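Structural characterization, general
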Amino acid sequence: MMKKATTYIHAGMEPDPSTGAIMTPIYQTSTYVQEAPATHKGYEYARSQNPTRTALESALAAIENGKFGLAFSSGVAATDAVIKLLEPGDEVICANDMYGGTYRLFTKVFEKFGIQFKFTDTTNAENVKAALSAKTKLIWLETPTNPLMNISDIAAIAAISKAAGCLLCVDNTFASPALQNPLDLGADLVMHSATKYLSGHSDVIQGALVMNSSDLREKLYFIQKSCGAVPGPMDCFLVLRGIKTLGLRMKAHCENGKAIASWLRNHPKVGKVYWPGFEDHPNHTIAKKQMSDFGGMLSFELKNDSMEAAKKVLSSTHLFSLAESLGGVESLINHPSSMTHASIPRAERIRNGLQDGLIRLSVGIEDADDLIEDLEHAIG
Ligand SMILES: *Cc1c(COP(=O)(O)O)cnc(C)c1O
């Protein structure tokens, strides 16, 4: 098997059959000419197949150690496709701390079609076991979680899921395939917001699913082409290009993440810092076991927990841009309770430990000293 560094460069890449172009061309076409009715080269209509997407889908499979990849027009479209495997009456067990858009899709779109979502603290695998019922068909994990950096034990929950005959899908957006590969730990499906680390340059919206089962691949491909949430060829090209530097970028994100987490923790005005690399992080042991490094995402609270104090920091950085999203080469600062997680009711946020003053950082690959100076100035 190829080593990761090689996979990022070569996965899915075949010289273009018509010209030998080393980069997969952007096949900007909606349809393909057929020789005779139903006699074609495997490509009929671009919602169903596009060669740029095919190249990307093989790359996605390879970098997640899976057999099949499917690309979607966004991360939430990939999640949407997974939930469409279910039927009214089915139950899903999911983390109580996760991306706000996933929560919104589950509760505001799918509950009305009769699918039940049970939110539980998945950092303790026993809670997942306790939430199982005869109707449970899917377990949805996000680890590390957005924004509190909680870690769930993928292998332990995969064992529970298998024993119960459920599917386990892991949102692996925060770790990226460079740091964690859920299929290797027993998950059935991996979901990515490719918008984030996979693309890596904040220039595209895209989602991905990776799996080993050909039966699941057939069902999800059917949903992909029937529902139509497919990415365009230009976007597929951009993600393919992003993947080539994933390994290098993640190394830099991890180094900078570590430097900033440690610096913040020693700052007299900073309260709690949420980063799974700290030995006293409640899930550090599992993080160390299932991740090869701890990534560039972290959150923190100020000792002065007023909204005003947090807002002052959020609007005083220069290198950290105030914006939603994450995983790009440039550093971003975000206020989950008013931005990415505003769609979760406040009472629920507080119950799950997401305080109003929490600040989330997506640490980019700039020079760590410059980033620290920027935060120093903003925190004062
Ligand atoms: C951004 C994000 C999503 C949603 O992906 P989009 O590409 O924005 O649709 C899902 N999960 C996590 C963890 C995310 O950060």
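As the structure is a prediction and not an experimental result, all values here were calculated from the model. (Residues numbered from 1 in each chain as written. Predicted model: local features only at pLDDT ≥ 70, side-chain atom pairs only at ≥ 80, totals over all residues. Heavy atoms only, no water.)

Let's shift gears to the side chain of Thr 195. Within the element layout of this structure, Thr 195 appears in the loop between strand 6 (189-193) and strand 7 (207-211). Not counting residues within four places of it along the chain, the set of residues in contact with Thr 195 comprises Val 204, Ile 205, Gln 206, Ser 325 and Leu 326. (Helix = DSSP H or I, 4+ residues; strand = E, 2+ residues; numbered from the N terminus. Contact = heavy atoms within 4.5 Å.)

Before going further, it helps to spend a moment on the pattern of salt bridges. Inspection of the entire model under this criterion finds 9 salt bridges. Put simply, Lys 118 and Glu 91 hold a salt bridge, and the shortest N to O gap is 3.3 Å. Separated by 27 residues along the polypeptide, Lys 118 in strand 3 (residues 116-120) and Glu 91 in strand 2 (residues 91-95) bring together distant segments of the chain. The partly exposed category is assigned to Lys 118, whose relative accessible area is 29%. Residue class for Glu 91 comes out buried when judged on its relative accessible area of 11%. Residue Arg 265 is joined to Asp 280 by a salt bridge in which the shortest nitrogen-to-oxygen separation is 3.0 Å. Of this pair, Arg 265 sits in helix 9 (residues 246-265) while Asp 280 is found in the loop between strand 8 (270-274) and helix 10 (284-290), placing the two residues 15 residues apart along the sequence. Given a relative accessible area of 52%, Asp 280 falls into the exposed group. (Salt bridge = Lys/Arg side-chain N within 4 Å of Asp/Glu carboxyl O. Buried < 20%, exposed > 50% of the residue type's maximum accessible area, 1.4 Å probe, protein only.)

Turning next to the site of the ligand. Neighbouring residues of the ligand: 14 residues in total, closest Val 76, Asp 171, Ser 193, Thr 195 and Lys 196. For the ligand, the protein covers 94% of the area, taking 380 Å² as the surface of the free molecule. Elements supplying a minimum of two residues to the shell around the ligand: helix 3 (75-83) and strand 6. In terms of residue class, the shell around the ligand is made up of 4 nonpolar, 7 polar and 3 charged. (Near = heavy atom within 4 Å. Areas by Shrake-Rupley, 256 points an atom, 1.4 Å probe, with all protein chains shown as cover. Nonpolar A, V, L, I, M, F, W, Y, C, P; charged D, E, K, R; others polar.)

Two strands in a sheet stick together by hydrogen bonds in their backbones, pointing the same way (parallel) or opposite ways (antiparallel). Taking strand neighbours across the sheet as the criterion, the 7 strands line up as 1-7-6-5-4-2-3 in an open arrangement whose pairing is mixed. Edge positions in the sheet fall to strand 1 (68-72) and strand 3, since each has one partner strand and no second. The average undirected angle you get between the axes of adjacent strands in this sheet is 20 degrees. As defined by bridge partners, strand 5 (residues 167-171) adjoins strand 6 across 3 bridges and the pair is classed as parallel. (Pairing = 2+ DSSP bridges. Axes fitted to C-alpha atoms, helices over the stretch in contact; angles between N-to-C directions.)

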